[in-house]
Structure formats: C-alpha cells, structure tokens
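# Geometric and topological summary
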Amino acid sequence: MLTRLLLCILLAGSLASCATHKKKKDADKDKPPEPPTMADMSEDTTFQAFLGRLRRAVATHDLQTLAPMMTTNFGYRLNPLGEGDGVFQYWDDEILWPQVQSVLNQNFVPKGNFMVAPPEFANDPNFHGYRAGLTSVDGTWKFAYFVTD
C-alpha cells in the first residue's frame, strides 16, 4: 500500500513539472514566424501548363481567360497600393501589356510563397523593376501580382 502511495506522489510530481501547452504557446509567440518557402515548381507540369495559358492570355489580351487566373486581391501597384479590380484598365492606361508579357516570358524561381520572375528579383534584395508572382491557392495556380517600385 505504501508503494502505491509513493508511486502516486511520484507520478503527480512528475506531471506537475511538465511544461504545459499554454507555456509552449507563449514561448512560441516571442519567436518570429519562419517564412514559408515554396519548392521550385518550375518543372512541375501543372505549373508549366498554367504558365503557358497565362502567357497566351496576356499576349492576346484575353481578359475572359486572364481574370479567373488571377487572385481576387491581385497586386498591380505598390504606391499607391492597387489590388483587385481595375488592373486591366491600369495596364491599358499605363501601356504595361508589353512589360507584363516580357516578365512572364522569363524563367520563374521560388521566393517565399511565390514563383517569381525575373529570377534576379528572388536573388537581389535591391532589385528594382517589374516583377511577377504566381502562387498556389487551394491547389490551383494563380497570378498573384505584377508590380514595380
């Protein structure tokens, strides 16, 4: 009987000294989140197929095909911020279709949650110029942004 009592006390003591879930959550709050990184999808057939359709739609200004290929919060201007509707009018007004086509015809490489072009954008923190980003949303590729600084 004494052995059971000592065993129970020992068990209770060891459980009391364990870190709780709440303590672990609080400790994780202090750490900066690690940036998610996309694998290099440039050889993936679904990525290649999406990019081929995207390039054709931009080359022909096929807005009916292009619109559903874009994210709902598509970024098209950094300053002032431009997202969502109005991108095609903006590209028309600023005569950006040739730049969009030129960037999309370059190789794409991973950067964060995106496959980006030109590749220099992924490697140079001081990159200036037009850049495009594609991302996967619920298993489907989407054109997420085309911006310059």
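Just above, that's the structure.
Here goes a summary of the coordinates provided. (Residues numbered from 1 in each chain as written. Predicted model: local features only at pLDDT ≥ 70, side-chain atom pairs only at ≥ 80, totals over all residues. Heavy atoms only, no water.)

### Quick notes on the pattern of salt bridges
Tallying each qualifying case throughout the model produces one salt bridge. Note that Asp149 and Arg131 form a salt bridge whose closest N and O atoms lie 3.4 Å from each other. Of this pair, Asp149 sits in the segment after β6 (140-147) while Arg131 is found in strand β5 (residues 131-137), placing the two residues 18 residues apart along the sequence. You can call Arg131 buried: its relative accessible area is 8%. (Salt bridge = Lys/Arg side-chain N within 4 Å of Asp/Glu carboxyl O. Helix = DSSP H or I, 4+ residues; strand = E, 2+ residues; numbered from the N terminus. Buried < 20%, exposed > 50% of the residue type's maximum accessible area, 1.4 Å probe, protein only.)

### Describing the packing of helix α3 (residues 45-59) against helix α6 (residues 97-104)
Orientation of α3 relative to α6, taken along the N-to-C sense of each, is 160 degrees, at an axis distance of 9 Å. Viewed along their axes, α3 and α6 adopt a mutual orientation that is roughly antiparallel. When you trace α3 past α6, the crossing you get is left-handed. Residues Leu51, Leu54, Arg55, Val58 and Ala59 of α3 touch α6, and the partners they reach there are Trp97, Val100, Gln101 and Leu104. Among the residues making up the contact of α3 with α6, the classes are represented as seven nonpolar, one polar and one charged. (Axes fitted to C-alpha atoms, helices over the stretch in contact; angles between N-to-C directions. Parallel < 35°, antiparallel > 145°, perpendicular 65-115°, else oblique. Left-handed = near helix turned anticlockwise from the far one by under 90°. Contact = heavy atoms within 4.5 Å. Nonpolar A, V, L, I, M, F, W, Y, C, P; charged D, E, K, R; others polar.)

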